[in-house]
Amino acid sequence: MKKNDKQFMMVHYTIKPGSRDKAEKAVRVFVKAVNAGEKRTLFYHAFKGKKPREYVHVMGFKDAKAERVHSRNLHTVKFVNVLYPLCEQNPVFMRLKGI
């Protein structure tokens, strides 16, 4: 595997007021499923941002195929269906490159 094959991403979102408990529960379940069941996912971490309703996820995949598998995985689809309605706007994804 070449170093350049690895895929890294960050996603940022802000949830609606009153959505914290439901959103954080969904995030915990999702992150656990990703890290336990996706062998080609290098890591998946979720963080609270500076603002009370702001969240950031950072993830790494062995290659583009691993990223595609992740995005189509049943636990990802379920998570998106729970999280997106709780967000003020759709989450913003940013592709990252190592230095």
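Computed from a prediction, not measured in an experiment: that's the story for all the values here.

## Thoughts on the packing of aromatic side chains
Moving on, step 1. Within the structure shown, the criterion is met by 4 aromatic pairs.
Moving on, step 2. With centroids separated by 6.1 Å and ring planes inclined at 25°, the aromatic side chains of F8 and F43 adopt a geometry described as stacked. One end of the pair, F8, is in strand β1 (residues 7-14); the other, F43, is in strand β2 (residues 41-48), and 35 residues separate them in sequence.
Moving on, step 3. The exposure class assigned to F43 is partly exposed, which follows from its relative accessible area of 25%.
Moving on, step 4. Relative to F79, the ring of F30 lies with its centre 4.2 Å away and its plane at 5°, an arrangement referred to as stacked. Highlighted residues: F30 in helix α1 (residues 20-37) and F79 in helix α3 (residues 74-83), separated in sequence by 49 residues. Of the two residues examined, F30 and F79, each falls in the buried class.

## What to know about the nonpolar core
Moving on, step 1. By size, the foremost hydrophobic cluster in this structure holds 19 residues, and its most contacted members are Y13, I15, Y44, M59, F79 and L83.
Moving on, step 2. Those elements that provide at least two residues to this core are β1, α1, β3 (54-61) and α3.
Moving on, step 3. Tallying contributions element by element places α1 first for this core, with 6 residues.
Moving on, step 4. Dropping the residues within four chain positions of it, L83 is found in contact with Y13, I15 and A23.

## Observations regarding the pattern of salt bridges
Moving on, step 1. Per the stated rule, a full pass over the model turns up 5 salt bridges.
Moving on, step 2. A salt bridge links R20 to D21; the shortest N-O distance between them is 3.3 Å.
Moving on, step 3. A relative accessible area of 46% places R20 in the partly exposed class.
Moving on, step 4. Taking the relative accessible area as the measure of exposure, D21 reaches 56% and is therefore exposed.
Moving on, step 5. The salt bridge partner of R40 is D63, with a shortest N-O separation of 2.2 Å. With R40 in the loop between α1 and β2 and D63 in the loop between β3 and α2 (64-72), this residue pair connects regions lying 23 residues apart in the sequence.

Basis of the calculations
Throughout this document, residue positions are counted from 1 along each chain, in the order its sequence is written. Local features are withheld for residues below a pLDDT of 70 in this predicted model, meaning they are given only at 70 or higher, and side-chain atom pairs are given and counted only at 80 or more; totals for whole chains, interfaces and linings count all residues. Derived side-chain values reflect all non-hydrogen atoms in the structure, with water molecules and hydrogen atoms excluded from consideration. In this analysis, rings of Phe, Tyr and Trp, with Trp reduced to its six-membered ring, are considered paired at centre separations within 6.5 Å, and the interplanar angle assigns stacked below 30 degrees, edge-to-face beyond 60, and tilted for intermediate values. Per the convention used, a helix needs a DSSP run of H or I reaching at least four residues, while a strand needs a run of E reaching at least two, with both numbered from the N terminus. Burial here depends on accessible area, computed with a 1.4 Å probe over protein chains only, as a share of the maximum for the residue type. Under 20% is buried, over 50% is exposed, and the range in between is partly exposed. Buried Ala, Val, Leu, Ile, Met, Phe, Trp, Tyr and Cys residues form a nonpolar core when they are joined through side-chain atoms within 4.5 Å. Any two residues having at least one pair of non-hydrogen atoms within 4.5 Å are treated as being in contact. Each salt bridge in this description consists of a side-chain nitrogen of Lys or Arg and a carboxyl oxygen of Asp or Glu lying within 4 Å of one another.

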